[in-house]
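# Topology and contacts: notes
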Amino acid sequence: MRLEIGKINITDIRFAEESKIENGVLYVNAEDLKPVVLEDEKIKDVCFDIAKPGESVRITPVKDVIEPRVKVEGKGGVFPGWVSKVDTVGSGKTLALKGMALVTAGKIVGFQEGVIDMTGPGAAYTPFSKTLNLVMVCEPVENLKQHDYEAAVRKAGFRVAAKIGELARGIEPDDTVVYETLGIKEGIEKYPDLPRVGYVAMLQTQGLLHDTYVYGVDAKKIIPTIISPTEAMDGAIVSGNCVSACDKNPTYIHQNNPVVEDLFAQHGKTINFVCEIITNENVYLADKERSSNMTAKLCRMLDLDGIILTQEGFGNPDTDLIMNCKKIEAEGVKTVIVTDEYAGRDGMSQSLADADVAADAVVTGGNANEVIILPKLDKVIGTLDYINKIAGASDKTLREDGSLEVELQVITASTNEMGFGTLSAR
Amino acid sequence: MLFVFLARSILSFYRKQLSMKYFILTNNSLAAEEFAQTHDVRFVNGGLEDVFIRARDLIHEGAILLVHPLYGSVKPNETPFRSLLLREGTTGSNDGCIKPDPESVRLIGNAISTSRKFIVKKEITDPRLIQDFQVVDLSLLKSAVESADR
């Protein structure tokens, strides 16, 4: 499959009379976007705000982060199964608005996490302090159940991102990158001497606020399967989770997966990047056995020499991670895992809830228990009402001077397990 | 008419048998209520760690854990609720001694030590927040029950 990503660099976002992109500036008329959100009767109201890098702004609680894109050539449209029909995406040409993000924020449950600071020490830990953020805060109708509200905000985010993405149609991109994977036989013939490498992405799939969707399907109900990594670039994988903000993969990171990016950079040079395998992280132990068996089988059937394995979340997924690693290694396929750590505030505790000798090549995204003081910022988009209730916080989190004492857990993507953050160790 | 009645009775008996293969151990009253009529529910009057400890004791008496005890990303020091699925003791050996399932022993042991790692415990009094925790715990439990019952 061959996908061209045309990058349109956004240098500023401004509210204006007319929604358009001109000379790299995204002009947004919020009144154009409101009906797109309110077409779902479960949402009573919505407000939009803009947060720019360096501003004294804190966005919390964050639900999802999405990069607006539009498909201009090839089959299907962005976010298949949600905004577009379920055509197989990942080929043709897609335009992406770079340097900006749509952030969905606001309370869904009282212990929801996700902090994005646009300045100060917290900004260094989240990749989304570097993007121009259009923030969308929804308000539900009275007495709406948590499940229904989560789904409503999730879907509204995709609709708004697609609407903004449409503004890019017809604009000449600043830069174009081509991603191409080959068929099995084609790849072996073209790169006979290169090691065959795959990428296994574990998707968070446990229940409310812990789910991921593939072409609109709840991924806890799939068995592991093969996709082209370019499919996720068109929004085939989307996030429905927002608990444990530090190590969940917002939709933006599925669209811009750094493992995929790096594997493509080496494709045809040092490796033959064969495909992506997606698997789940269910609660039920027999599901874990089945999925890890299937994943190992797929790696063997594809005659892979090595894989990169990424997980999502804490605790329960550590068991899937180790099961996958053990079984894939047992098939003779070299495995490198990417994870984060809950090593305690002093960093001295066991990092993962599970372990095995086969997991002898590990990349860390950082220690989520590390403590950080976030100073008071001038403006909050969303609410601080629940900040004491979230993981990595305590009753003492909100201090008298307005600063926050928290663990890195609360910061969106700070210890991301696809390596999208800046932390690691050697 | 008689045939339909008989078929329904057999189906209902079969369903009950299926769900009776395992039991739900929970301190979440919302979960206990949800499954009280259809499943074997054993309520633990206590906190999250009390559920883990009770599960550990049952595992040492032969029960087998069917779900990962650290499910969900809501941290053990944060949510007060936990619901586990276990299968009744079947791990006895010929000599009459109980041989606990090693994987269950390992998982529950790791869960207890992991939960103790999160030292800052939080007192929760807000009823809306308690309900949110219950709803999420129930949702995660339902995903396990769906798998167990299919």
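Residues numbered from 1 in each chain as written. Chains lettered and ligands numbered in written order. Predicted model: local features only at pLDDT ≥ 70, side-chain atom pairs only at ≥ 80, totals over all residues. Heavy atoms only, no water.

### A short note on the overall build of chain A
Per the secondary structure count, chain A includes eight helices and 25 strands. In terms of overall size, chain A behaves like a compact globule, its C-alpha atoms giving a radius of gyration of 21 Å where 426 residues would be expected to give roughly 22 Å. Projected onto the principal axes, the alpha-carbon positions of chain A cover approximately 55 × 55 × 40 Å. Out of the 426 residues in chain A, the part that is buried amounts to 63%. Contacts in chain A between residues at least 24 apart in sequence constitute 80% of all its contacts with a sequence separation of at least 6. Accessible surface for chain A amounts to roughly 15,400 Å². Of this, 49% is attributable to carbon and sulfur atoms. Across chain A, the centroid of the 45 positively charged side chains sits 3 Å from that of the 64 negatively charged ones. (Helix = DSSP H or I, 4+ residues; strand = E, 2+ residues; numbered from the N terminus. Rg over C-alpha atoms; globule rule 2.2 N^0.38 Å. Buried < 20%, exposed > 50% of the residue type's maximum accessible area, 1.4 Å probe, protein only. Contact = heavy atoms within 4.5 Å. Areas by Shrake-Rupley, 256 points an atom, 1.4 Å probe, with all protein chains shown as cover. Lys, Arg positive; Asp, Glu negative; His and termini not counted. Charge placed at Lys NZ, Arg CZ, Asp CG, Glu CD.)

### So, the confidence of the model for chain B
The predicted coordinates ought not to be read in detail in places where the model reports low pLDDT. Per-residue confidence for chain B averages 84 on the pLDDT scale, and 80% of its residues sit at or above 70. Note on residues 15–20 of chain B: pLDDT is under 50 here. Beyond four places in sequence and across chains, it has seven contacts. (pLDDT = per-residue confidence, 0-100.)

### Here we look at the interface of chain B and chain A
Tallying the contact residues gives 36 residues for chain B and 45 residues for chain A. Counting the surface lost from both chain B and chain A, the interface buries some 3,300 Å², and carbon and sulfur atoms represent 58% of this. One salt bridge in this structure joins D287 of chain A and R150 of chain B, with 2.9 Å as the shortest N-O distance. There are twelve residue pairs in polar contact (both at pLDDT 80 or more) connecting chain B and chain A. Listing elements by their share of the side of chain B that touches chain A, those giving two or more residues are helix 4 (102–117) and helix 5 (127–149) of chain B. Top element by residues in the side of chain B that touches chain A is helix 5 of chain B. It accounts for 13 residues. Split into classes, the residues belonging to the side of chain B that touches chain A amount to 18 nonpolar, nine polar and nine charged. (Buried area = accessible area lost by both parts, 1.4 Å probe. Salt bridge = Lys/Arg side-chain N within 4 Å of Asp/Glu carboxyl O. Polar contact = N/O pair within 3.5 Å; in protein donor to acceptor, adjacent residues only side chain to side chain. Nonpolar A, V, L, I, M, F, W, Y, C, P; charged D, E, K, R; others polar.)

### A few points about unusual backbone geometry
Residues and elements named next belong to chain A. For the bond running from T60 to P61, omega is -10°, close enough to zero to count as cis. Relative to the elements of secondary structure, P61 occurs in the loop between strand 6 (57–60) and strand 7 (62–66). Despite not being glycine, F79 has its phi angle at roughly 50°, a positive value. By the element assignment, F79 lies in the loop between strand 8 (69–73) and strand 9 (92–98). Its identity is not glycine, yet S244 carries a phi of approximately 65°, on the positive side.

### Observations regarding the nonpolar core
Core analysis: the largest hydrophobic core is formed by 88 residues, its most contacted members being L134 of chain A together with L84 and L85 of chain B. For this core, the element with the most residues is helix 5 of chain B, which contributes ten residues. Setting aside anything within four residues of it in sequence, one finds L134 of chain A in contact with I13, F15, V28, L33, F48, D49, I50, M100, A101, L102, V103 and I164 of chain A. If you look at the next biggest cluster of nonpolar residues, it comprises 45 residues, including L3, V89, L203 and A413 of chain A. (Core = buried A, V, L, I, M, F, W, Y, C linked by side-chain atoms within 4.5 Å.)

### Some remarks on the state of the cysteines
Residues and elements named next belong to chain A. Counted by the stated rule, this structure contains zero disulfides over all chains. Here C275 stays free of any disulfide, with the sulfur of C299 as its closest cysteine sulfur at 7.9 Å. Overall, the relative accessible area of 6% leaves C275 in the buried class. The structure places no disulfide on C325, whose sulfur is separated from the nearest cysteine sulfur, that of C299, by 11 Å. (Disulfide = S-S within 2.5 Å.)

### Topic: the pairing of strand 18 (residues 237–241) of chain A
Residues and elements named next belong to chain A. The buried fraction of strand 18 is high, at five of five residues. Pairing analysis gives five bridges linking strand 15 (residues 210–214) to strand 18, with the strands arranged antiparallel. Bridge assignment links H210 to a residue of strand 18, and that residue is N241. (Pairing = 2+ DSSP bridges.)

### Overview of the pattern of salt bridges
Side-chain pairs of opposite charge can arise whenever the charged atoms involved come near each other. All names here are of chain A. Enumeration according to the criterion identifies 36 salt bridges over all chains in this entry. Of the charged contacts, one joins R58 and D117 as a salt bridge, the two residues approaching to 2.7 Å between their closest N and O atoms. Within this pair, whereas R58 is found in strand 6, its partner D117 is found in strand 11 (residues 116–117), the two being separated by 59 residues in sequence. For the pair R58 and D117, a shared accessibility class is recorded, and that class is buried.

### A closer look at the pairing of strand 1 (residues 2–9) of chain A
Residue and element names in this part refer to chain A. Direction of pairing for strand 1 relative to strand 13 (residues 175–180): antiparallel, over a ladder of six bridges. When the sheet's bridge partners are listed, R2 is paired in strand 13 with E180. Direction of pairing for strand 1 relative to strand 9: parallel, over a ladder of seven bridges. Across the sheet, G6 pairs through a bridge with L95, a residue of strand 9.

### Observations concerning the packing of aromatic side chains
The tally for this structure, following the rule as stated, stands at nine aromatic pairs over all chains. Pairing W82 of chain A with F158 of chain A gives two aromatic rings, centres 6.1 Å apart and planes at 45°, and the pair type is tilted. Here F158 of chain A lies in helix 2 (residues 146–166) and W82 of chain A lies in the loop between strand 8 and strand 9, a separation of 76 residues in the sequence. Classification of F158 of chain A as buried rests on a relative accessible area of 0%. The structure contains a cluster of three or more aromatic residues connected by ring pairs, namely F79, W82, F158 and Y213 of chain A. We note K20 of chain A situated over the ring of Y27 of chain A; from NZ or CZ to the ring centre the distance is 5.4 Å. One cation-aromatic arrangement involves R42 of chain B over F23 of chain B; the distance from NZ or CZ to the ring centre is 3.7 Å. (Phe/Tyr/Trp six-rings, centres within 6.5 Å; stacked < 30°, edge-to-face > 60°. Lys NZ or Arg CZ within 6 Å of the ring centre and 35° of its normal.)

### So, the sheet that holds strand 2 (residues 12–15) of chain A
All names here are of chain A. The three strands lie next to each other as 2-4-3, forming an open sheet whose pairing is mixed. Since the sheet does not close on itself, it has two edges, and those belong to strand 2 and strand 3 (20–22), each with one partner. If you compare each strand with its neighbour and ignore which way they point, the axes differ by 25° on average. Direction of pairing for strand 2 relative to strand 4 (residues 25–28): parallel, over a ladder of four bridges. Among the inter-strand pairings, F15 is bridged to a residue of strand 4, identified as V28. (Axes fitted to C-alpha atoms, helices over the stretch in contact; angles between N-to-C directions.)

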